Amino acid sequence: MQVGECPLWDARQAVLYWVDNVACAVHRLDPASGAHRFWPMPSEPGCIARDTTGNLIVALRTGFARLNLADGSLTQLAPAPYDVRSARFNDGRCDAAGRFWVGSMYEPRDAPRAAMYCLERGTLRRHWSDITVSNGLAFSPDQRTLYHADTSAHLIRRYAFDPASGQASAPRVLRQFSSLRDGDYGGRPDGAAVDSEGAYWCAMYEGGCLLRLSPAGEVLLRIALPLRCPTMLAFGGDDLRTLYITSASARRPAEELAAYPLSGCLLSVRVAVAGLAEHAYVD
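Below you will find a few notes about this structure. (Residues numbered from 1 in each chain as written. Predicted model: local features only at pLDDT ≥ 70, side-chain atom pairs only at ≥ 80, totals over all residues. Heavy atoms only, no water.)

**Structural notes on the overall build of the protein**
Here's step 1: Along its length, the protein carries one helix and 23 strands.
Here's step 2: For the protein, whose C-alpha radius of gyration is 17 Å, the value lies close to the compact-globule estimate of 19 Å for 283 residues.
Here's step 3: Accessible area of the protein: about 11,500 Å², with a carbon and sulfur share of 50%.
Here's step 4: On the protein, the mean spot of the 29 positive side-chain charges and the mean spot of the 30 negative ones are 2 Å from each other. (Helix = DSSP H or I, 4+ residues; strand = E, 2+ residues; numbered from the N terminus. Rg over C-alpha atoms; globule rule 2.2 N^0.38 Å. Areas by Shrake-Rupley, 256 points an atom, 1.4 Å probe, with all protein chains shown as cover. Lys, Arg positive; Asp, Glu negative; His and termini not counted. Charge placed at Lys NZ, Arg CZ, Asp CG, Glu CD.)

**As for the sheet that holds strand 10 (residues 100-106)**
Here's step 1: Here we have four strands laid out as an open sheet, ordered 9-10-11-12, and antiparallel in their pairing. Sheet topology places strand 9 (87-94) and strand 12 (123-131) at the edges, where each strand pairs with a single neighbour. Each strand axis lies, on average, 25° off the axis of its neighbour in the sheet, ignoring direction.
Here's step 2: Sheet analysis places strand 9 next to strand 10, joined by six bridges and oriented antiparallel. Following the sheet pairing, F89 is matched in strand 10 by S104. (Pairing = 2+ DSSP bridges. Axes fitted to C-alpha atoms, helices over the stretch in contact; angles between N-to-C directions.)

**Quick word on the pattern of salt bridges**
Here's step 1: Evaluated as defined, the whole model comprises 20 salt bridges.
Here's step 2: A salt bridge links D10 to R12, with the nearest nitrogen and oxygen atoms 3.6 Å apart.
Here's step 3: Ionic pairing is found between R88 and E107, a salt bridge with its closest N-O pair at 3.8 Å. Pair noted here: R88 is in strand 9 and E107 is in the loop between strand 10 and strand 11 (114-120), with a separation of 19 residues, a long-range link.
Here's step 4: In this structure R88 comes out as buried when scored by relative accessible area, which is 9%.
Here's step 5: By sharing partners, the salt bridges in this structure join R181, R188, E206, R228, R252 and E256 into a single network. (Salt bridge = Lys/Arg side-chain N within 4 Å of Asp/Glu carboxyl O. Buried < 20%, exposed > 50% of the residue type's maximum accessible area, 1.4 Å probe, protein only.)

**Topic: the state of the cysteines**
Here's step 1: Across all of its chains, the model carries zero disulfides by this definition.
Here's step 2: As a non-bridged cysteine, C202 has C209 as the owner of its nearest cysteine sulfur, 8.4 Å distant.
Here's step 3: For C202, a relative accessible area of 0% translates into the label buried. (Disulfide = S-S within 2.5 Å.)

**Notes on empty space enclosed by the protein**
Here's step 1: Applying the stated criterion across every chain yields a total of one cavity of 30 Å³ or more.
Here's step 2: Here the largest cavity is characterised by a volume of approximately 60 Å³.
Here's step 3: If you trace the largest cavity, you find it lined by C6, P7, L8, I48, A49, G92, R93, C94, M232, E278 and H279.
Here's step 4: Of all the secondary structure elements, the ones that give two or more residues to the lining of the largest cavity are strand 1 (4-10), strand 5 (45-50) and strand 9.
Here's step 5: Grouping the amino acids of the lining of the largest cavity by side-chain chemistry returns seven nonpolar, two polar and two charged. (1 Å grid on protein atoms, 1.4 Å probe; cavity = no way out; pocket = protein on both sides within 12 Å on 5 of 7 lines; lining within 4 Å. Points joined across faces, edges and corners; volume = space filled by probe spheres on them. Nonpolar A, V, L, I, M, F, W, Y, C, P; charged D, E, K, R; others polar.)

**Here we look at the side chain of S140**
Here's step 1: Of note, S140 is situated in the loop between strand 13 (134-139) and strand 14 (145-150).
Here's step 2: Its relative accessible area of 8% is what places S140 among the buried residues.
Here's step 3: The residues touching S140, leaving out its near neighbours within four places in the chain, are T145, Y147 and V194. (Contact = heavy atoms within 4.5 Å.)

Structure, rendered in structure tokens:
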């Protein structure tokens, strides 16, 4: 992949989906057979979600669309609510009520001009702004906490979440990472997922690792990876204990790619604690 993102396990088919932002494609892997397929997209896909028909909802630069997996056709659901010349959709996932939460990213990355949006039964709403690069969206097992990372700010927040109304409030800092590019630089928070014990797993872009954080922000576990830029992770397999990890190779220094030849690859690792099943988008 150039920039692999948004791995998504579909338990009904026992397959993994993900996107490549830069190459404008949605991918699928059947781990049992090794069969791989991909669907070209007309613009950059930021993230995907299952729907109740067995197809995918894709958050493209140009807006939300339904991907028919049988014939590859796209049906627009909602246009982009921003200037597509300087912004696009990025990370996202569905809550238990079937709402698809997706944040945007402001590509100049010099001001917090991105926002968080929610597609609910065909209606797109803006919820909060002051974001530069939206990432790390995840929900606690009881759906009472929404986690969110602003990658450019090196910051993860947690919000009180009302699953009935779909409102997020009372943001608090979960963890602030250093932005100093010194010898102790550990990267910045990218995509994430929550496990069945309520711990928040985060891919540390340029940090070469995954972190498992407690709901209080304490580091419970660090998994070093054979690449520098993991982008996101997803729990999969029959027991949801296989962690799939996407990564990036685009726009990385040649010496880094030589030192880490698995950059851009899809990786997996077995973990002790199972993840949570992903919810589907409901029309």
